[in-house]
Amino acid sequence: MHKRLSILGSTGSIGTQALDVARLNGFTVRALTANSRIDVLEEQIREFQPALAAVVEERAAADLRVRVADTGTKILSGMDGVIECARCEGVDTVLNAIVGMAGLLPTLAAIEAGREIALANKETLVAGGRLVMEAARAKGVRILPVDSEHSAIFQCLQGAPAGQRDALKRIILTASGGPFFGWTKEQLRDVTVEQALRHPNWSMGAKITIDSATMMNKGLELIEAVWLFSMPPERVDIVVHRESVVHSLIEFADNSVLAQLGVPDMRIPIQYALTYPARHPSPVGQLSLAQFGTLHFAAPDEEAFPLIGVCRRAISRGGVFPAAANAANEEANRLFREGKLRFLEIGELVEAAMEQAPDRPVYTLADIREAGERARDFVRQNVMG
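Residues numbered from 1 in each chain as written. Predicted model: local features only at pLDDT ≥ 70, side-chain atom pairs only at ≥ 80, totals over all residues. Heavy atoms only, no water.

Brief notes about helix α12 (residues 267–275)
With 7 of 9 residues buried, α12 is to be regarded as a mostly interior element. Among the residues of α12, those classed as buried are P269, I270, Q271, Y272, A273, L274 and T275. (Buried < 20%, exposed > 50% of the residue type's maximum accessible area, 1.4 Å probe, protein only. Helix = DSSP H or I, 4+ residues; strand = E, 2+ residues; numbered from the N terminus.)

If you want it as structure tokens, here you go:
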């Protein structure tokens, strides 16, 4: 199987690991995008020789254009450039590893162009789940999950023939618990950015690492699971599993449970999304359960980490409530990393911003943008005030 890829967000954690998988499998890379890290992007362009590359920041794009003038790669800029890379001719699969709600428009553009989607940008479905899933159905486009948890569910469901899907009772997402598992709300009051960035198991970008520390990441994954697997939110549960070996589970009506296990390395689910339905030799080591010895599970503490509940309420209410929660979190997460917000204030502000969102069950892209802008403004005003 030879795949031709467009990788959106190629300089980030998922993007660089996706290029590891492309390198290992000999896949062609037709397009790459980055926000601003042109040093890394230049190296990628010289190695993979894509037809297109886009940089969101205009100045950085102009600089890169000069740097790679000796190559055959056309350099684009801004969100329009990213969208052009998402639609790139001759591409089989678009892997969307953009961070945040900025990934929504490129996903829709790739679907419109009939490209298969390998989705690592969970905010796409959190903010615009109905629009994205309807567009994918209309175009006959597959959306293959890259997140380890959703990949695990996707793989477990292959143990349930189509006729047995009605017997699916529950999805169980596993969570590492982040760096503060077992901490009380009082202990979390004075958490520093440095502490929050120390994830015990996964190597990820700063934004998603903070989301893991607040457990917002698991709330976003709950919403993503609702859309990907057509499950009502009350049938998506979360369990803390510190070792990150069991990536998620499904339960049937007879209470049989299937789980997918593997070493905690994102290259496994990335490769599966890019090679599905085939399985290629692993880019990482073999799992040794004897080496782990014991695996632990615990219920999440939703008093200390309220954002799981906020996300569950947002998707239960539907409409633009999830988009508002997501946008508020993006803003609060950024402000915390900049030292302008305390750790517990992230949850407080996200909840308050979600609650003030308009009740709009049927929404458009413009409604999503408006709800997001209102939520971001709400967070900024309440920090400054």
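As for the pairing of strand β2 (residues 28–34)
Summarising burial for β2: 5 of the 7 residues are buried, a large majority. As defined by bridge partners, strand β1 (residues 4–8) adjoins β2 across 5 bridges and the pair is classed as parallel. Bridging from a neighbouring strand, S6 pairs with A31 of β2. The pairing of β2 with strand β3 (residues 52–55) spans 4 bridges and is parallel. In the sheet register, A31 faces β3, and the bridge partner there is L52. (Pairing = 2+ DSSP bridges.)

So, the pattern of salt bridges
Applying the stated criterion across every chain yields a total of 35 salt bridges. With its nearest N and O atoms 2.8 Å apart, the salt bridge here joins R23 to D20. One end of the pair, R23, and the other, D20, are both in helix α1 (residues 13–25), 3 residues apart, so they sit about a helical turn from each other. With a relative accessible area of 28%, D20 lands in the partly exposed category. When the shortest N-O distance is used, the salt bridge between E251 and R170 registers 2.9 Å. Of the two residues, E251 is situated in strand β10 (residues 246–252) and R170 in strand β8 (residues 168–175); the sequence distance between them amounts to 81 residues. For E251, a relative accessible area of 8% translates into the label buried. (Salt bridge = Lys/Arg side-chain N within 4 Å of Asp/Glu carboxyl O.)

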